[in-house]
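# Fold and geometry: a report
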Amino acid sequence: MPDKSIDDLVFFSEHEPEFAEGETAIEKCVRGQPVQRTWHHFTSDDDKFFAGVWEAEPGCWKVDYTENEFCQILAGHSLLRDEAGTERQLRAGDNFTIPAGFRGEWEVVETTRKIYVIYQP
């Protein structure tokens, strides 16, 4: 592993992210076709670890996680529902992980913004 220094730290408030915006893929949509935005700040040298900020407008779509994700909800209100229909409310201040293999639906009730940290095994 190459040596890293303090200059290699990525502070979101000081870093120019890669910005992406687009509608949710129609084949995943359950209700609406919400716009999603990402401000991607970091990708590891081995392309397995990622971090940034994500935001989505109201709507509902199917999710199928192949990655492990840590989320910190910054704003808004969403529901995360598993295949059995059990759901959790997600609001500002919530911190949680989604394990690889989780399938269900993500429903944005009120435009939601989160910090994401992803590990792709």
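Look above for the structure.
Once a new chain begins, its residue numbering starts again from 1 and follows that chain's sequence as written. Given that the model is predicted, a residue must reach a pLDDT of at least 70 before its local features are reported, and side-chain atom pairs must reach 80 or more before they are shown or counted; all residues, however, enter totals for whole chains, interfaces and linings. Only hydrogens and water are set aside; all other atoms, that is, all heavy atoms of the structure, feed into the side-chain values.

Turning our eyes to something else, we now look at the pairing of strand β4 (residues 49-56). Burial of β4 is extensive: six of the eight residues sit out of reach of the surface. The criterion for strand pairing is that DSSP finds at least two bridges linking the strands in question. Numbering of helices and strands starts at the N terminus; helices are DSSP runs of H or I of at least 4 residues and strands are runs of E of at least 2. In this sheet, β4 lies alongside strand β3 (residues 35-43) in antiparallel orientation, the contact comprising seven bridges. Paired with Trp39 across the strands is Val53, a residue of β4. Where β3 folds back onto β4 in an antiparallel hairpin, the turn is made up of five residues, including Asp47, whose phi is positive at roughly 60 degrees. Sheet topology places β4 next to strand β9 (residues 103-119); eight bridges connect them, and they run antiparallel. Bridge pairing in β9 links Trp54 to Lys114. Note on classification: 1.4 Å probe, protein chains only; a residue is buried when its accessible area is under 20% of the maximum for its type, exposed when over 50%, partly exposed between these limits.

Our next topic: the pairing of β3. In the case of a regular strand, side chains alternate between the two sheet surfaces. With six bridges connecting them, strand β1 (residues 18-23) and β3 associate as antiparallel partners. Looking at β3, one finds that Glu23 is bridged to Val35.

Before going further, it helps to examine a nonpolar patch on the surface. What goes into a patch is any residue over 30% in relative accessible area without a salt bridge, connected to like charges within 9 Å or, for nonpolar side chains (Val, Leu, Ile, Met, Phe, Trp, Tyr), within 5 Å. Areas reported here follow the Shrake-Rupley algorithm with a probe of radius 1.4 Å; residue values treat only the protein chains shown as occluding. When a carboxyl oxygen of Asp or Glu is within 4 Å of a side-chain nitrogen of Lys or Arg, the pair counts as a salt bridge. Taken together, the side chains of Ile6, Leu9 and Phe11 make up a nonpolar region of the molecular surface, amounting to roughly 340 Å² of accessible area. Following the sequence through the fold, Ile6 ends up in the segment before β1.

With that settled, consider the pattern of salt bridges. Evaluation of the coordinates by the stated rule reveals 11 salt bridges. Here Arg81 makes a salt bridge to Glu87, at a shortest N to O gap of 2.9 Å. Here Arg81 and Glu107 are joined by a salt bridge, their closest N and O atoms 2.7 Å apart. One end of the pair, Arg81, is in strand β6 (residues 68-82); the other, Glu107, is in strand β9, with 26 residues separating them in the sequence. Arg81 gets classed as buried once you look at its relative accessible area, which sits at 13%. Glu107 gets classed as buried once you look at its relative accessible area, which sits at 15%. Through salt bridges that share partners, Glu21, Arg37, Glu55, Glu57 and Arg113 make up one connected network.

Each pair of aromatic rings taken from Phe, Tyr and Trp, with Trp reduced to its six-membered ring, is defined by centres within 6.5 Å and is described as stacked if the planes are under 30 degrees apart, edge-to-face if over 60, and tilted in the remaining cases. The final tally for this structure, using the stated rule, is five aromatic pairs. Considering the side-chain rings of Tyr65 and Phe102, the 6.3 Å spacing of their centres and the 65 degrees angle between planes classify their relative orientation as edge-to-face. Residue Tyr65 is found in the loop between β5 (59-64) and β6, and its partner Phe102 is found in the loop between β8 (95-98) and β9; the two are separated by 37 residues along the sequence. Here Tyr65 and Phe102 have matching classes, each one buried. Put simply, the rings of Trp54, Trp61 and Trp106 pair up and form one aromatic cluster. Comment: the charge-over-ring label is applied if NZ (Lys) or CZ (Arg) is within 6 Å of the ring centre and within 35 degrees of the ring normal. Above the ring of Trp39, the side-chain terminus of Arg113 is found at 4.6 Å from the ring centroid.

Once that is clear, we can look at the environment of Glu67. Relative to the helices and strands, Glu67 is located in the loop between β5 and β6. Look at Glu67 and you get buried, because its relative accessible area is 16%. Throughout, a residue-residue contact means that at least one pair of heavy atoms, one from each residue, lies within 4.5 Å. Beyond its immediate stretch of four places on either side in the chain, Glu67 contacts Ile98, Pro99, Ala100, Ile118, Tyr119, Gln120 and Pro121. Two N or O atoms count as a polar contact when they lie within 3.5 Å, although within protein this holds only if one can serve as hydrogen donor and the other as acceptor, and sequence-adjacent residues are included solely when both atoms are side-chain atoms. One polar contact links Glu67 to Thr66, side chain to side chain, over a distance of 3.2 Å.

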